[in-house]
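Coordinates in review
Below are the chains, spelled out letter by letter.
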Amino acid sequence: MNYFRQLTIAVLHPGTEAGSALDRNNRITVFAFAILPGLSPNFNSFILLASMVWGLYCLATGRLALNLSRSDRLVAIGMSIYPLVMIASIFINPPYSEELDWILRLLPFFSVWLILPRMRQSPDGRLVPLFILGAGIGMIATFLLSLLQIAFLMDRAEGGATNAALLGIIGILFGGIALLNLQSPKSVEQRIAILGYAAGLGCVLLSGTRSAWLVIPVHVLIFIWFFRKRGFHLSLRSLAITGSLLFVGLVALGSGPVFHRIQELQENLTSVERTDGEITSLSARFALYKGALSAISKDPLTGYGPQNRMSSVLAELPDNIRPQLSFTHVHNGFLTAGIDAGVFGIAALSLMLLTPVIGAWRKEAGPGRDLAIALALLLFSSYVITGSFGIMFNQKALDPIFAYMVALICTDRGSTLFAPVVSS
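Counting starts from 1 at the beginning of each chain's written sequence and moves along it residue by residue. A pLDDT threshold of at least 70 governs which residues receive local features in this predicted model, and a stricter bar of 80 or more applies before side-chain atom pairs are shown or counted, although totals over entire chains, interfaces and linings include all residues. To get the side-chain values, take all heavy atoms of the structure and skip hydrogens and water.

Just so we agree on the cut-off: UniProt positions are given in the numbering used here, feature names are shortened, and annotations may be inferred rather than shown by experiment.
Going by what an unreviewed UniProt entry lists, the chain is known as Polymerase and is assigned to Rhizobium anhuiense. Per UniProt, the comment on the chain under Subcellular location (unreviewed entry) is "Membrane".

**Some remarks on the overall build of the chain**
Here is the rule we go by: Segments assigned H or I by DSSP are reported as helices when at least four residues long, segments assigned E as strands when at least two residues long, and all are numbered from the N terminus. When a residue's accessible area, from a 1.4 Å probe over protein chains only, is under 20% of the maximum for its type it is buried; when over 50% it is exposed; and in between it is partly exposed. Note on contacts: a residue pair qualifies if any of its non-hydrogen atoms lie within 4.5 Å across the two residues. Note that accessible areas follow from Shrake-Rupley with a 1.4 Å probe, and for residues the cover is restricted to the protein chains shown.
Summing up its helical and strand segments, the chain has 18 helices and zero strands in all. In the chain, which comprises 424 residues, the share counted as buried stands at 53%. Within the chain, contacts between residues at least 6 apart in sequence are counted, and of these 78% link residues at least 24 apart. Accessible surface computed for the chain: about 18400 Å², of which carbon and sulfur atoms make up 66%.

**Some words on the packing of aromatic side chains**
For clarity, the threshold we go by: Whether two aromatic rings pair depends on their centres lying within 6.5 Å, for rings of Phe, Tyr and Trp, where Trp uses its six-membered ring; planes under 30 degrees apart make the pair stacked, over 60 edge-to-face, and the rest tilted. Should the NZ of a Lys or the CZ of an Arg lie within 6 Å of a ring centre and within 35 degrees of the ring normal, that charge is described as sitting over the ring.
A full pass over the atoms with the stated rule returns 13 aromatic pairs. Where Phe131 meets Phe174, the ring centres are 5.9 Å apart and the plane angle is 45°; that geometry is what we call tilted. Note that Phe131 is positioned in helix H7 (residues 127-151) and Phe174 in helix H8 (residues 164-179), a separation of 43 residues in sequence. Exposure remark for Phe131: the relative accessible area of 0% places this residue in the buried category. Three or more aromatic residues joined by ring pairs form one cluster here, namely Tyr82, Phe109, Tyr383, Phe393 and Phe402. When the ring centre of Trp102 is taken as reference, the NZ or CZ atom of Arg105 above it lies at 4.1 Å. One residue, Arg369, lies across the ring of Trp361, its end atom 4.7 Å from the ring centre.

**Remarks on the environment of Asp399**
With respect to the secondary-structure elements, Asp399 resides in helix H18 (residues 398-411). The class of Asp399 is buried, set by a relative accessible area of 2%. Taking C-alpha positions, Asp399 is 9.7 Å from Asn44, a pair spaced 355 residues apart along the chain. Among residues more than four places away in sequence, those in contact with Asp399 are Arg105, Pro108, Phe109, Met392, Phe393 and Asn394.

**Observations regarding the side chain of Asp340**
We apply this condition: Whenever a nitrogen or oxygen atom comes within 3.5 Å of another N or O atom, the pair is scored as a polar contact, on the condition that within protein one atom can donate a hydrogen and the other can accept it, and that pairs from neighbouring residues in sequence are kept only if both atoms are in side chains.
Among the structural elements, Asp340 can be located in helix H16 (residues 333-361). A distance of 2.7 Å separates the side chain of Asp340 from the side chain of Arg309, its partner in a polar contact. The residues touching Asp340, leaving out its near neighbours within four places in the chain, are Met86, Ser89, Thr302, Gly303, Tyr304, Gly305, Pro306, Arg309 and Asn394.

**As for H18**
This is how the line gets drawn: Helices are assigned an expected span. That span is 1.5 Å times one less than the residue count.
In this model, H18 (14 residues) spans 20 Å end to end at C-alpha, consistent with the 20 Å of a helix rising 1.5 Å per residue. With 14 of 14 residues buried, H18 is to be regarded as a mostly interior element.

**A word on unusual backbone geometry**
Positive phi values are uncommon outside glycine, yet Thr162 reaches one of about 60°. Summarising the element assignment, Thr162 is placed in the loop between H7 and H8. Classification of Thr162 as exposed rests on a relative accessible area of 64%.

**Observations concerning the nonpolar core**
The nonpolar side chains of a soluble globular protein tend to be buried with one another. In plain terms, the rule: The criterion is simple. A nonpolar core is a set of buried Ala, Val, Leu, Ile, Met, Phe, Trp, Tyr and Cys residues joined through side-chain atoms within 4.5 Å.
In terms of nonpolar packing, the biggest core is built from 88 residues, with Ile177, Tyr383 and Phe393 touching the most fellow members. Setting aside residues no more than four positions away along its own chain, Phe393 makes contact with Tyr82, Phe109, Leu349, Met352, Leu353, Tyr383, Asp399 and Phe402.

**A short note on the packing of helix H17 (residues 367-387) against H18**
Stated precisely, the cut-off is as follows: Only the contacting stretch of a helix is used when fitting its axis, a line to C-alpha atoms as for every element, and angles between N-to-C directions run 0 to 180 degrees. The scheme is simple: roughly parallel for angles under 35 degrees, roughly antiparallel for over 145, roughly perpendicular for 65 to 115, oblique for anything else. Crossings are sorted by hand: turned counterclockwise from the far helix by less than a right angle, the near helix makes the crossing left-handed, and turned clockwise it makes it right-handed. Basically, the charged four are Asp, Glu, Lys and Arg, the nonpolar ten are Ala, Val, Leu, Ile, Met, Phe, Trp, Tyr, Cys and Pro, and anything else, Gly included, counts as polar.
Direction vectors running N to C along H17 and H18 enclose 160°, while the axes themselves pass 10 Å from each other. Judged by the inter-axis angle, H17 sits roughly antiparallel to H18. Both H17 and H18 take part in a crossing whose hand is left-handed. Between H17 and H18, the contacting residues are Ala372, Leu375, Ala376, Leu379 and Tyr383 on the first element and Leu398, Ile401, Phe402, Met405, Val406 and Ile409 on the second. Across the contact of H17 with H18, the residue classes tally to eleven nonpolar, no polar and no charged.

**What to know about the packing of H7 against helix H9 (residues 187-207)**
Their axes nearest at 7 Å, the elements H7 and H9 cross at an angle of 40°. In terms of orientation, H7 and H9 fall into the oblique class. The interaxial crossing formed by H7 with H9 has left-handed handedness. Across from Leu133, Gly136, Ile137, Met139, Ile140, Thr142, Phe143, Ser146, Leu147 and Ile150 in H7, the residues of H9 making contact are Glu189, Ile192, Leu195, Gly196, Ala199, Gly200, Gly202, Cys203 and Leu206. Residues belonging to the contact of H7 with H9 are distributed by class as follows: twelve nonpolar, six polar and one charged.

**Thoughts on a nonpolar patch on the surface**
Put simply, the test is: In this analysis, a patch consists of residues with relative accessible area above 30% that form no salt bridge, clustered at 9 Å for like charges and at 5 Å for the nonpolar side chains Val, Leu, Ile, Met, Phe, Trp and Tyr. By convention in these notes, a salt bridge is any Lys or Arg side-chain nitrogen within 4 Å of a carboxyl oxygen on Asp or Glu.
A cluster of nonpolar side chains, contributed by Leu100, Leu104 and Leu107, occupies part of the molecular surface with about 280 Å² of accessible area. Relative to the helices and strands, Leu100 is located in helix H5 (residues 99-106).

This is the structure:
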């Protein structure tokens, strides 16, 4: 309990240096943003919107300067091209339908311009460790909520995300982020790192998000690179305690949702060969991909606009299938971007996905660069792999998470040395 009392002091009470009030607000915001995704992602949207509004006010009144380096501007421009291309596609492709709503959905991708200058008001190396620690705490709480949902006979856990697939994406990403805290010299933070990662994997398994399972081996390779390069401190006592809890958790998850989803996939594969018109999760994806590719081939340059997305895809499919495909996207982020804005949409999306890697890679060599690259690779791989089979963007939870993390990755210098959140 003494650690968490000190953690509360570290988050809530600023020091005496100039700008300590802004630093305190940054710490509270970053810590809350890391904890909340699996519990209530709507709050992440609110935090990002409030940060953007406050950032715009501070820049307009001169309280903050647009303190962006050349690398920062490159990242911010790369992030901005995607929403600009999508907004152009809305107005190029009539009929116009809820265009203001579509434009508002794209605002998070402009946020780097507004929130990065404010993040820079905190001393180097202060925000990223808080975010990593918050990710572990948030995943543990989300996993406990997910266990309760399964106990009350839900087929797939949703956490506070109200969507099983969304929980799986958040679990694999934030669980991976949590594990980076193994480099902390404090045993409490090491345990939270391992428990947070185990909890993230637990959320992935309980949610039955099969695309997130594919991310696990990629993340393992990222961890091997990072920890081999940086090393980590782990006592045998911490390993015994957290390893035992992890083993018990995995045994508890060994049945139910995982086996059910594997069996469902096997049944889906069998049904693909049938011609009775039955639509399963797998056959629906095949139909959507086929319709999307056909539609893109007919208008590869400008696309159809997001407002015409599904109508253009369904127009390419047989009449007997259309009523059974009530989706808002084609379960592939790249094809969705192609439908919305043609090859320019796919190119803009690809550039945006690479912006965290670009921002991290362009830092000067040092521990800050290594950690930034690890965060960027975890973010990039989580979105690309899961988004190739399901949700990627145009979602009120995933858009703010990506945009906020890109700004956070850019915050520190490559030479920054990171200390534990609670140093005493």
